[in-house]
Amino acid sequence: MSAFDFDPFAPAGGAGGDGGASASAGAGANGIVDADAAPPPPPPAAVAAAAPSPLAAMNPFDSWNFGRTPKASPKSAPNGAGNGGGGGIWPGASAGPGSSQRSSSAASSSSPSQPAARAARRVVPYASHVATLETNWDPWIYVSKTPSPRASWTNGGNAMTYLIVRANAGCRVSGGVEGVLKWSRGRPGRPQLSPRGSNGDEDLGNFGSSFSFGDPGSVSKSASMDISKAPSSSSGGGGGGVGGHMRLLKTGLKKAQRSFEHGVTTLAVRADGGKNPDQVCASLHYCGGRNAPGANLAMFDAIGGGREQVGQGVQRDVEDVCLSRTEWKEFPSDDTQGSDGSLLFNIPLCVPDLSFLEAASAGNGNGDSSDGGVQLTVRLYLQSGAALLKAAAGAGLKREYLVGESAVLYSNLMRLAGGGGRQHPNLIHDNGSGGSDAARGCGTVNVPFTAGMLAEASSGPNSGYNSGGPSGRSSFGDGDVAALHLAATPRIKFGPPRTLGWSLTDPVSIPPEGPRNWMTAFQPPLDQAYVFPARAAASSGAASPTILANERATESALTLPLAAACARLFADAASVSQKLAARASDEARRGVMNLPPGADGAADVGRVDVELGIVALILLDATATQVDWAGTCGGVFDPTGGAIPTVAAKASFQPPHAVFEEGLGSGSVPVFDEEAGGKYVKGPGGTREAVSAKFRPVVRATAELLPGMMARADGRHVGSVRVEVRLGGSTVDNVSGSLSGGGGNGTAVEGVVELERYADWPSPGAGKVPVMAPAVDVDTGRRVGTFALLLRVATNGKGKPIQANGGAALPASSGLVSAMGLDTLTEKSGLLPNLDCDAIHLNSQMMASLPTAAAMRRRQLICRSIKVATMGSFLSPDFLWRQANDIRPRDAAALTERAQQYFQALVPGIPGMESEDLVDGPDVPLFQRRSPRPFRPSNSRGDALLSGIGFNVHVQSFSLDVLRDGAAPAPAGATQSVTHGAPADHARGFGGGAAGEGPVAGGKAGEEEPRGGLRRLEAKRIEIAKELDGAVSGLIGAVGEHFKSRAPSNAARQQAGAGTSRHVPPGVPEVVHYRAKAAQCAHRLHGLTWEIAARRATCFSQALGIAATSYLASLSDGGPGWQGYASVWARHGYLITFEGLLSAVGKELGMIEDASVAISMLRMVSVVLVPYNEKTATPPNGNAKRHRVPVPHSPYLRWVHLIQQGSHSKTRYRLEICLESSYLQTRMPDPLKNGAPVRFFPILFQMGVDIRQWGVNAGRGLTSQIKEKSRNGGLADLGEADTEVGGDAEQAACCSIVDDGDEDEEGAVADNEILMVLNVEGARKLNAYAHSAKPVSSGCTSAMMPPPVFDPSEQTQQIPPQPIHPCLVSLSDAIKGSAGKMEHSVLDRAATACQRLGGGSTVFCKSGKDRTAMQVTFKQALYVQRFSDRKDGRTALEDAPVSYDDVFAKSTLMRKHGNRIPICEKNAGEPKFAFNPLQRKFMPEMLRPEASLCTWSKPET
């Protein structure tokens, strides 16, 4: 036979007597079966039952694909028939196993029956090189779906076990892959194995396969020369017929393929010259050939099979199931890896809870083992690191080789872990320092290889581990004996309460029984463990300790209850604001004089109906002699015919409460002398109305009168009508000449009629009556004639004054604008109506003040308010109607729906309450769910209903245990960060307009409306307020100038007995200009204020859930609350830093702007911990009961209550969190008990880290730059391209720049200064906090320092600038050098400073899954590296020097194997980071992921 017949990855040949058949069918001269060889011929009775297209044997380490599930292969029948099918991980999970069945009876030749679809997911945890959702959750979901989950839910859900693997120096393969190939050619014999259930010899290859763990180009995906799936004949016999010839043909082709592949492999290894070291990997398997038939059937059921027809002699079984594997790791050629030359794998193996197999095996053993039980197989694989093999992986070249294996008993592993075989103990005991730990062990054992190249090459005795007790420790240090050192410890997926890494916000982990179980609301935690060597010197004679780092991402039990609390509070506030707008709208409609009768019944109350007709102007004889009648009508006036002299007249209404007149109409009025006028009005002309008007003014009360106006005894004030003509000027139609003193423009003549005098006169219901109004010279007050009018003023019984804003008190401080901490910016100016602020009630005490500068300014503001208050409403009725009936009701309804839906989502976890089924059930993929849950996927950003819930919120805990042989894990430290998406209102968008629908009401037609997030909108609001203030000042000046110009004539009018004018006519140009501008600005300001308030409600709701989660996480065991910082929090506030990774361009700029304001709003919140007892269990009043929101599925949290205190810019919130009384008294630091409030001190640091930010820093549009460089062939100017970009650079340049499904439009707004501004602002706040929390002055303590100043508005006195705190010098330097750069060290140093000051930390980007993953894994790697490199315990962890190369390596490991990949899958349905080659290229080195972890196509977000 050819030397290339060897293949260490051979298919399982079956158990029992299958060994000989397998060897004869596919083995070479060396007796090793090839993986791709044809299966042995089945006996005639079994051929008919074979599947039409039998699948080739598959490697248990199949390349992962979403939705894959392990499938079982049929085991041979008791008669010893051969089985060519291999076990593995096969696609098509939902259909159940698709392999054929083999009957033990020769007569059973019917077609294979397909089992029913499995009811539960598989129990095995891993199938690929990354921890995915499926691998992380399946074991627990399987348990939850069993008939008796409580019986299966052992050790608090932590029924799995970690195996920490260390390979000794003897595992180093001499010559690497090439040495393996040489060894196989010169191998004289074959290893002897006697697994349980086998009486013959089994080849090592029966438990191996031939393709890569995670390589997309593995041989499992290359079918170019794989014809093993060709249909086999159902009539073929042993070696003849069509079937026999096909098998011979396939065997020959396989040999040729092997010869080619091995030859290419040898050439590639030699060409590499050792530049790329070989790598090894350990794996754990369940092999059917080593276990009893009963255990195999149980495993088959667990991984998705069925047990139908077993009673008819049909058996369904498994051969090889991969349970877990470590990472690929280089085995150095020298002894630098450890003092003993060993290699520690950083990813431990994971052993599922296989106790059900133990039970199934107990009654079905075959007696070949005295101890019995389930046997597992540990293997070591080798793969070449040659570059050519990596590049040619897609061609199907085999690069992985099985070099050794050994068997271990599952029961012995459980004893090592301290579980006694069935389960781990579920005991919580006090650890002596106020905390508690789960009692768990960490037993160790050395396992020499019993088969494979390493076993044969070892010179020492092979000590087995099949006897039931640990043994073999002495052989591990012997480099001649290849062995694995295994340390077993429980896998802590569900952190036991009051242990390191557990958080107060973690949901309870109890058996998920019944329809109200916690899995209806939460997903199980995502977890992964890492093992690192400890640098600390080991004690004499003891093995070096190792660090077990446990990473866990848990959903917060607090986000949804707090979102419900915010929604309820803000919905009530929005309802108040809606009523305020409705009242203002009604008041504005009362002021509409042309409102038709009956249009609004409520508006008819308090109105009078006025009908006015102007008949003629009759001049006195002294005045009439100055008119040139001859030039107009020939000097003769004939009232019966001929021309009638006319003059232009205007009528206006003078309201009693405002200085501005309102026009009623204009026209030409006849002018007569006394004689002619008498004839005219007494004749037919007396009924002719030259100008007529109808209007319906409001009856005003005395309190509404203008200053100085005389109040009527009856308290009814309607106003006056003023008629004006100009004689001798341009306004005269056909009357020439001028009156004395008139000048070139003629003389203005006016007549005023007080409407109150003619109300229902002479009797109610009377028609128009003649009224003779004196016509006086405006300038002199001298009477020049009489206006003949017809007037009717009818009250219709409704002419009683109605107090403005009457009815029940409805303070604006209860509205949404006030609740969001906003001033309307109109309070001091006195603008009416008071839409979102309460009216200022002036009194003598406010005016009488000391002559100080502040008092003078206050008096000036009061005087200004009084003047503005006389100018009437600046908001139009149409604007107020839209606010009252469209915009505010829509937002109030949205908040109300949120409150109802959020609370309804909490009901299933509240005993005794009726609940409804969620819209989307458990079968809907997570990233497609839209029902309110604690976890909100990031691709639901645009969903308005869910917008109050922070999306993708996880508590990312990272706890460290120190392991020593034989000792329980010793807790050493823990750190926690909250990861989330940006707290922003994505549903409203960032393109401007109210509620995402059109422009903000009140803007001028064609004017660009405000765009962006809260920070930009609020800056625009201040700008509009300044414009409004300028317009109002101009209006006050214009009105003042008008009255100033009328001052001389007023004196003359008073001397003549005429009244003083208190109104401004409609046609004054400057008054018209400033009044229109002020109204426009007032509309824009109020509309934008409401938009900002509604937007703040959404963003604040998200930020509050995130901050409260961080606070409670910091109070959990191991957090800074237990390190002496609780007293600092009680006095100076809880420091929480938000580390943002957004780019300052386009939509992400809007997210930065939203997040910065929402984070600053957290300063309004103080948290109070309340004990749960009889007093707090029952709310004091109904309102408090309504706003208390329960926290279901939490072991210690009972309810939350958000209480608003103060109003507008003085608004504060008291957040009460009720804890179990015993927990609060025993587990909370004393400074936080007895209702002590802790105020948030939030700080944002922001740094863009992707290609978009690079484009902003470059100062030009990113897309245009790349396209231009692509056209000019200068794409290389963007930097040295990575090899994975290659020829796709142009395509990437012309397509989506960021693969997140949320591409910005061309010309998106960029701001290259906002990051510097935010970081400088954050540094100032952090510096103030540092000086208060850790004063640098000698003899000073934090208790002696005043609280830090968060915002200059908080300062009560002038404080000199503080120097930079010593712990912030490096941060300050980084910020100074970050201008125009992607300086990641700003975030790194800010996080370190926050940790040093005992604060909490959160990390966010747009979605909280990609860039966030890079940052949080870097922080975890830095934490464990500092812990490992710290020389002694006296050195602060933050001061420990580290090797950043090691930090980068650890962060890469965590990104590849940790829980961030599953979080991507939770959010987008794809287990990849959404970075394309260009994005990855421009990311900082410490945040750059491996190319294999990224996707070049858009995910489903």
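Given the structure is predicted, the values throughout are model-derived calculations rather than measurements. (Residues numbered from 1 in each chain as written. Predicted model: local features only at pLDDT ≥ 70, side-chain atom pairs only at ≥ 80, totals over all residues. Heavy atoms only, no water.)

Scanning the protein chain from N- to C-terminus turns up 38 helices and 35 strands. The burial tally for the protein chain puts 59% of its 1501 residues in the buried class. Within the protein chain, contacts between residues at least 6 apart in sequence are counted, and of these 78% link residues at least 24 apart. (Helix = DSSP H or I, 4+ residues; strand = E, 2+ residues; numbered from the N terminus. Buried < 20%, exposed > 50% of the residue type's maximum accessible area, 1.4 Å probe, protein only. Contact = heavy atoms within 4.5 Å.)

As a further point, take the pairing of strand E15 (residues 443-448). For E15, the tally of buried residues reaches six of six residues, placing the bulk of the element in the interior. The side-chain alternation of E15 yields two buried faces, one formed by Gly443, Val445 and Val447 and the other by Thr444, Asn446 and Pro448.

Backbone geometry follows two general trends: most residues other than glycine have a negative phi, and most peptide bonds adopt the trans configuration. Geometrically, the link from Trp761 to Pro762 is a cis peptide bond, its omega value of 0° lying close to zero. Here Pro762 shows up in the loop between strand E24 (747-754) and strand E25 (769-777). Put simply, Leu832 and Pro833 share a cis peptide bond, and its omega is 0°. The topology assignment puts Pro833 in the loop between helix H17 (816-819) and helix H18 (844-847). Residue Leu825 is not a glycine yet carries a positive backbone phi of 65°. Positionally, Leu825 belongs in the loop between H17 and H18. On the basis of relative accessible area, Leu825 is assigned to the partly exposed category, the value being 36%. Phi is positive for Asn1234, close to 60°, though the residue is something other than glycine. For Asn1234, the location among the structural elements is in the loop between helix H28 (1221-1227) and strand E34 (1238-1246).

Attention now moves to helix H20 (residues 877-906). For an α-helix, 3.6 residues make a turn, and residues three or four places apart therefore share a direction. If you check H20, its first and last C-alpha atoms are 42 Å apart, about what 30 residues at 1.5 Å a residue would give, namely 44 Å. Roughly 45° is the biggest bend found in H20, and it falls at Gln883. (Expected span 1.5 Å × (residues − 1). Bend = angle between axes of the 7 residues up to and from the residue.)

On to the environment of Arg688, then. Along the chain, Arg688 falls in the loop between helix H16 (674-682) and strand E22 (691-695). The sequence separation of Arg688 and Val615 amounts to 73 residues, and the corresponding C-alpha distance is 6.0 Å.

Angle between the axes and distance between the axes are the two parameters that describe a pair of packed helices. Here H20 crosses helix H23 (residues 1069-1115) at 0°, and the two axes come no closer than 12 Å. Judged by the inter-axis angle, H20 sits roughly parallel to H23. Contact residues: Phe879, Gln883, Ile887, Arg888, Asp891 and Arg898 in H20; His1083, His1086, Gly1087, Trp1090, Ala1094 and Thr1098 in H23. Class assignment for the residues of the contact of H20 with H23 results in four nonpolar, five polar and three charged. (Axes fitted to C-alpha atoms, helices over the stretch in contact; angles between N-to-C directions. Parallel < 35°, antiparallel > 145°, perpendicular 65-115°, else oblique. Nonpolar A, V, L, I, M, F, W, Y, C, P; charged D, E, K, R; others polar.)

For the coordinates displayed, the defined rule picks out 23 aromatic pairs. Relative to Tyr1134, the ring of Trp1129 lies with its centre 4.9 Å away and its plane at 85°, an arrangement referred to as edge-to-face. Geometrically, the ring pair formed by Trp1254 and Phe1482 is tilted, given 4.9 Å between the ring centres and 45° between the ring planes. Here Trp1254, found in helix H29 (residues 1251-1258), pairs with Phe1482, found in helix H38 (residues 1477-1482); they are 228 residues apart in sequence, far enough to count as distant. You can call Trp1254 partly exposed: its relative accessible area is 23%. Members of the aromatic cluster, connected to one another through ring pairs, are Tyr1111, Trp1129, Tyr1134 and Phe1240. Positioned over the ring face of Trp1199 is Arg1188, at 3.9 Å from the centre of the ring. A cation sits over an aromatic face here: Lys1466 above Phe935, 4.1 Å from the ring centre. (Phe/Tyr/Trp six-rings, centres within 6.5 Å; stacked < 30°, edge-to-face > 60°. Lys NZ or Arg CZ within 6 Å of the ring centre and 35° of its normal.)

Once that is clear, we can look at helix H7 (residues 293-302). Judged by how many residues are buried, H7 sits mostly within the fold: eight of 10 residues are covered. Every buried residue of H7 is accounted for by Gly294, Ala295, Asn296, Leu297, Ala298, Met299, Phe300 and Ala302.

Note on placement: Thr1412 falls in helix H35 (residues 1411-1429). Contact partners of Thr1412, with chain neighbours within four places excluded, come to Thr979, His980, Leu1141, Val1403, Phe1404, Cys1405 and Arg1460.

What follows is about the confidence of the model for the protein chain. Across the protein chain, pLDDT averages 75, with 70% of residues at or above 70. Low pLDDT, under 50, characterises residues 1497-1501; the predicted model gives this stretch 21 contacts beyond four residues in sequence or across chains. (pLDDT = per-residue confidence, 0-100.)

Moving on: the pattern of salt bridges. Taken as a whole, this structure holds 41 salt bridges when the rule is applied. In this structure, Arg379 engages Asp320 in a salt bridge whose closest nitrogen and oxygen atoms are separated by 3.2 Å. Placement of the pair is Arg379 in strand E11 (residues 375-383) and Asp320 in strand E7 (residues 320-325), with a sequence separation of 59 residues. By relative accessible area, Arg379 is classed as buried at 0%. For Asp320, a relative accessible area of 5% puts it in the buried group. Taken together, the salt bridges that share partners define one network made up of Glu661, Arg722, Glu724, Arg726 and Glu750. (Salt bridge = Lys/Arg side-chain N within 4 Å of Asp/Glu carboxyl O.)

Moving on to the side chain of His1187. By the secondary structure assignment, His1187 is in helix H27 (residues 1182-1187). At 3.0 Å, the side chain of His1187 and the side chain of Asp572 are in polar contact. Leaving out residues up to four positions away in the same chain, His1187 has contacts with Arg568, Leu569, Asp572, Val1200 and His1201. (Polar contact = N/O pair within 3.5 Å; in protein donor to acceptor, adjacent residues only side chain to side chain.)

With that settled, consider the sheet that holds strand E30 (residues 1165-1172). Within the open sheet, the 11 strands sit side by side as E17-E18-E27-E28-E35-E29-E34-E30-E33-E32-E31. Their pairing is mixed. Pairing within the sheet leaves two strands with one partner each, and these edge strands are strand E17 (526-533) and strand E31 (1188-1190). In this sheet, adjacent strand axes meet at a mean angle of 25° when their direction is disregarded. Judged from the three bridges that link them, E31 and strand E32 (residues 1197-1205) form a sheet pairing that is antiparallel. Residue pairing for E32: Arg1188 is matched across the bridge by His1201. Packed on one face of the sheet, helix H25 (residues 1146-1161) meets strand E29 (1134-1140), E30, E34 and strand E35 (1400-1405) and runs near 160° to E34. (Pairing = 2+ DSSP bridges.)

Once that is clear, we can look at the pairing of E25. For E24 and E25, the ladder comprises two bridges, and the chain directions are antiparallel. If you follow Val749 over to E25, its bridge partner there is Asp777. Where E25 lies against strand E26 (residues 783-794), eight bridges are found, and the strand directions are antiparallel. Note on E26: the bridge partner recorded for Ala775 is Gly785. Between the antiparallel neighbours E25 and E26 lie five residues, among them Gly781 with a positive phi of about 80°.

Moving on to a nonpolar patch on the surface. On the surface, a nonpolar cluster with roughly 240 Å² of combined accessible area is contributed by Met246, Leu249 and Leu253. Structurally, Leu253 can be placed in helix H6 (residues 241-272). Here Leu253 falls in the partly exposed class, since its relative accessible area comes to 36%. (Patch = residues over 30% accessible without salt bridge, like charges linked within 9 Å, V, L, I, M, F, W, Y side chains within 5 Å. Areas by Shrake-Rupley, 256 points an atom, 1.4 Å probe, with all protein chains shown as cover.)

Our next topic: the environment of Met1345. Residue position: Met1345 is located in the loop between helix H32 (1314-1333) and helix H33 (1369-1376). Residue classification places Met1345 among the buried positions, given a relative accessible area of 17%. Residues Met1345 and Arg1131, spaced 214 residues apart in sequence, show a C-alpha to C-alpha distance of 9.1 Å. Setting aside its immediate chain neighbours within four residues, Met1345 contacts Arg1131, His1132, His1331, Ser1332, Pro1335 and Cys1340.

The next subject is the packing of helix H34 (residues 1385-1396) against H35. Where H34 contacts H35, the axes come no closer than 12 Å and their chain directions differ by 55°. In terms of orientation, H34 and H35 fall into the oblique class. The crossing of H34 and H35 is right-handed. Listed contacts from H35 to Leu1387, Asp1388, Ala1391, Thr1392 and Gln1395 of H34 are Gln1415, Phe1418, Lys1419, Leu1422, Tyr1423 and Arg1426. Of the residues belonging to the contact of H34 with H35, the class tally is five nonpolar, three polar and three charged. (Left-handed = near helix turned anticlockwise from the far one by under 90°.)

As a further point, take the environment of Trp153. Residue placement: Trp153 occurs in the loop between helix H4 (149-152) and strand E4 (161-167). Taking the C-alpha atoms as reference, Trp153 lies 7.6 Å from Ile510; in sequence the two are 357 residues apart. Other than its neighbours up to four places away in sequence, Trp153 contacts Trp140, Val143, Phe494, Ser509, Ile510, Pro511, Pro512 and Trp518.

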